[in-house]
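# Fold and geometry: a report
If you want the building blocks of each chain, they are given just below.
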Amino acid sequence: MGEVASPEIASPETTRIPKVGFVSLGCPKALTDSELILTQLSAEGYETSKTFEGADLVIVNTCGFIDDAVRESLDTIGEALAGNGRVIVTGCLGARSGDGGGNLVREMHPSVLAVTGPHATHEVMDAVHANLPRPHDPFTDLVPPAGIKLTPRHYAYLKISEGCNHRCTFCIIPSMRGDLVSRPVGDVLKEAQALFESGVKELLVVSQDTSAYGVDLKYRTGFWNGKPIRTRMLELVQALGELAQPYGAWVRLHYVYPYPSVDEVIPLMATGMVLPYLDVPFQHSHPDVLRRMKRPASGEKNLERIARWREACPEIVIRSTFIAGFPGETEAEFDDLLQFMREAHIDRAGCFAYSPVDGAAANEIPGMLPSELREERRARFMAVAEEVSAARLRKRVGATMQVLVDAAPALGRKGATGRSYADAPEIDGQVKLLPPEKLSKRLAVGDFTQARIVGTQGHDLVAMPI
């Protein structure tokens, strides 16, 4: 891997400006950590390099959640060491212990310059300063008000909290990122305002547990623009929707646990304040499996909850993730999951075969299934999920939808790609826009267009711009 993330960063003219290579791996929450580090690097006058070889040192922001992510992170660190030799490691993998009891990264790659855990901008910058002195004192006018972003200009992730209070038996995130720490509501809204002002048309709210926002602060009252506002999901989402409206922008909610309190947000979706889209990590449907997982929500009530959501907001789209082959999962429990998928009509679903991550309590649960059976159940689940999703997509044929344009070569004269409210970037499908019938119709990245749905193609919709 020689290509690294390289956003455009303004720099003062000096004889020799130090350059930093940067690789960001993992989830959107890790991406926001990367953006914070890049923003600070920019503020201090560092430039970024597009290659390992052209950098003075390389920072690798890692993922350590499942085995495949660990392998990818370790491989990337190795590639950075081979291509550059001076590497700082941060992120979730940096917080994991190895078989020898020491730091896993240092056990595998002892020559790295420094290792930190996630959400550690200050520690990363200390390591940068120790190995590549800053070129000058920080001047905030070198940095855009919204900071440095690794996403396209028209959408951005907004992280509202760090860590998680739950102790799901399959998950090691709390051991790496700690307990829930909610950001002050005024800080969150200030960042959102800056993002909208910078041209962002879609704000994706992320955290480990969006529904729990403010729990650690006992929902205390904060302030925004001189007005009091509670540090709670409902008030935050309402305020974000109000901020977005003058810009015609979207607000999309991710990682929403299915607590009863989520019901309060559905009316905001029904009235168009925020997108009628919920990313809800159900993980399973059978109550016994959920108990073994120590999930915070009850499987028996999820079907009823989804029915209430759709009654209050018929347009709502539900995305979820599931685990197949969890320790002790019986064929009957797995069949219950497949039936749940059919009855719940989950619009978009992803599934992982259970991965026995080091340190996960679930590894001690009796009944670990063979890896072949776990993979076979994952494949069976995805077959049902795709069948359900395809049926949901077919119902949209003939409808007119608003589409946010993501790519438009030649101003869309030969067609374009975009997304509807039902499609989050990277994880859901797309809307494939045909060449416009009107010669005067132009499409540009970051613009909204109305489009008539004329067909489906796998996970995607096909539409004619109008």
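Our structure's up above, just so we're on the same page.
A brief report on the enclosed structure follows. (Residues numbered from 1 in each chain as written. Predicted model: local features only at pLDDT ≥ 70, side-chain atom pairs only at ≥ 80, totals over all residues. Heavy atoms only, no water.)

## Considering the overall build of the chain
Convention followed: For helices the rule is a DSSP run of H or I covering at least 4 residues; for strands it is a run of E covering at least 2, with both sets numbered from the N terminus onward. Taken over C-alpha atoms, the radius of gyration is set against a globule rule of 2.2 Å times the number of residues to the power 0.38. Contact definition: two residues touch when any of their heavy atoms are within 4.5 Å. Using a 1.4 Å probe, accessible areas were evaluated by the Shrake-Rupley method; residue-level cover was limited to the displayed protein chains. In this count, Lys and Arg are taken as positive residues and Asp and Glu as negative ones, while His and the chain termini are left out. Note that the charge is assigned to NZ on lysines, CZ on arginines, CG on aspartates and CD on glutamates.
Within the chain one finds twelve helices and 20 strands. Taking 466 residues into account, the globule formula puts the C-alpha radius of gyration at 23 Å, and the chain, at 23 Å, falls close to it. With the principal axes as the frame, the chain shows a C-alpha extent of 65 × 60 × 50 Å. Counting only contacts in the chain whose residues sit at least 6 apart along the sequence, the fraction spanning at least 24 positions is 74%. Only carbon and sulfur atoms are counted for the fraction: they give 53% of the accessible area of the chain, which is about 19,800 Å². Put simply, the chain has 50 plus and 59 minus side-chain charges, and the middle of one group is 5 Å from the middle of the other.

## Structural notes on the packing of helix 1 (residues 28-43) against helix 4 (residues 121-131)
We apply this condition: Only the stretch in contact is used when fitting a helix axis, every axis being a line fitted to C-alpha atoms; angles between N-to-C directions are given from 0 to 180 degrees. Here roughly perpendicular refers to angles of 65 to 115 degrees, roughly parallel to angles under 35, roughly antiparallel to angles over 145, and oblique to all remaining angles. Should the near helix be turned counterclockwise from the far one by less than a right angle, the crossing is left-handed, whereas a clockwise turn marks it as right-handed. Amino acids are sorted into nonpolar (Ala, Val, Leu, Ile, Met, Phe, Trp, Tyr, Cys and Pro), charged (Asp, Glu, Lys and Arg) and polar (every other residue, Gly among them).
Axis separation between helix 1 and helix 4 bottoms out at 10 Å; the angle between their running directions is 45°. Accordingly, the angle class assigned to the pair helix 1 and helix 4 is oblique. Like other packed secondary-structure pairs, helix 1 and helix 4 cross with a definite hand, here right-handed. Contacts from Asp33, Leu36, Ile37, Gln40 and Leu41 of helix 1 reach helix 4 at Thr121, Val124, Met125 and Val128. Here the residues of the contact of helix 1 with helix 4 sort into six nonpolar, two polar and one charged.

## Some words on the sheet that holds strand 16 (residues 400-407)
The condition is simple: Here, any two strands with at least 2 DSSP bridges between them count as paired.
Taken together, five strands build a closed barrel; the order of strands is 16-17-18-20-19 and the barrel is mixed. Ignoring strand direction, the axes of neighbouring strands in this sheet form an average angle of 50°. Examined bridge by bridge, strand 17 (residues 416-419) and strand 18 (residues 431-433) share three bridges and lie antiparallel to one another. Counted as the bridge partner of Gly418 is Val431 from strand 18.

## Things to note about the pattern of salt bridges
Defined as follows: When a carboxyl oxygen of Asp or Glu is within 4 Å of a side-chain nitrogen of Lys or Arg, the pair counts as a salt bridge. Residue burial is assigned from relative accessible area. The probe radius is 1.4 Å, only protein chains are included, and a residue is buried under 20% of its type maximum, exposed over 50%, and partly exposed in between.
Per the counting criterion, the structure on display carries 24 salt bridges. Note that Glu191 and Arg183 form a salt bridge whose closest N and O atoms lie 2.7 Å from each other. Given a relative accessible area of 21%, Glu191 falls into the partly exposed group. Exposure remark for Arg183: the relative accessible area of 25% places this residue in the partly exposed category.

## Describing the sheet that holds strand 1 (residues 19-24)
The five strands are arranged 2-1-3-4-5 in an open sheet whose pairing can be described as parallel. Each of the sheet's edge strands pairs with one partner strand only, and the pair in question is strand 2 (47-49) and strand 5 (114-115). In this sheet, strand 3 (residues 57-62) lies alongside strand 1 in parallel orientation, the contact comprising five bridges. If you follow Ser24 over to strand 3, its bridge partner there is Asn61. Lying over the sheet, helix 1 contacts strand 1, strand 2, strand 3 and strand 4 (87-91), oriented at roughly 170° with respect to strand 1. Here helix 2 (residues 67-83) sits on the sheet in contact with strand 1, strand 3 and strand 4, set at roughly 180° to strand 3.

## Some points on the packing of helix 6 (residues 185-197) against helix 7 (residues 233-244)
Running from N to C, helix 6 and helix 7 point in directions that differ by 25°, and their axes come no closer than 10 Å. If you check the angle between helix 6 and helix 7, you find them roughly parallel. Handedness of the crossing formed by helix 6 with helix 7: right-handed. Seen from helix 6, the contacting residues are Val185, Val188, Leu189, Ala192, Gln193 and Phe196; seen from helix 7, they are Leu236, Ala239, Leu240, Leu243 and Ala244. Its residues placed into classes, the contact of helix 6 with helix 7 shows ten nonpolar, one polar and no charged.

## Things to note about the side chain of Asp56
What counts here: By the criterion applied in these results, polar contacts are pairs of N or O atoms within 3.5 Å in which, for protein atoms, one can donate a hydrogen and the other can accept it, and in which residues neighboring in sequence qualify only through two side-chain atoms.
Positionally, Asp56 belongs in the loop between strand 2 and strand 3. In terms of polar contacts, Asp56 uses its side chain to reach the backbone amide nitrogen of Lys19, at 2.7 Å.

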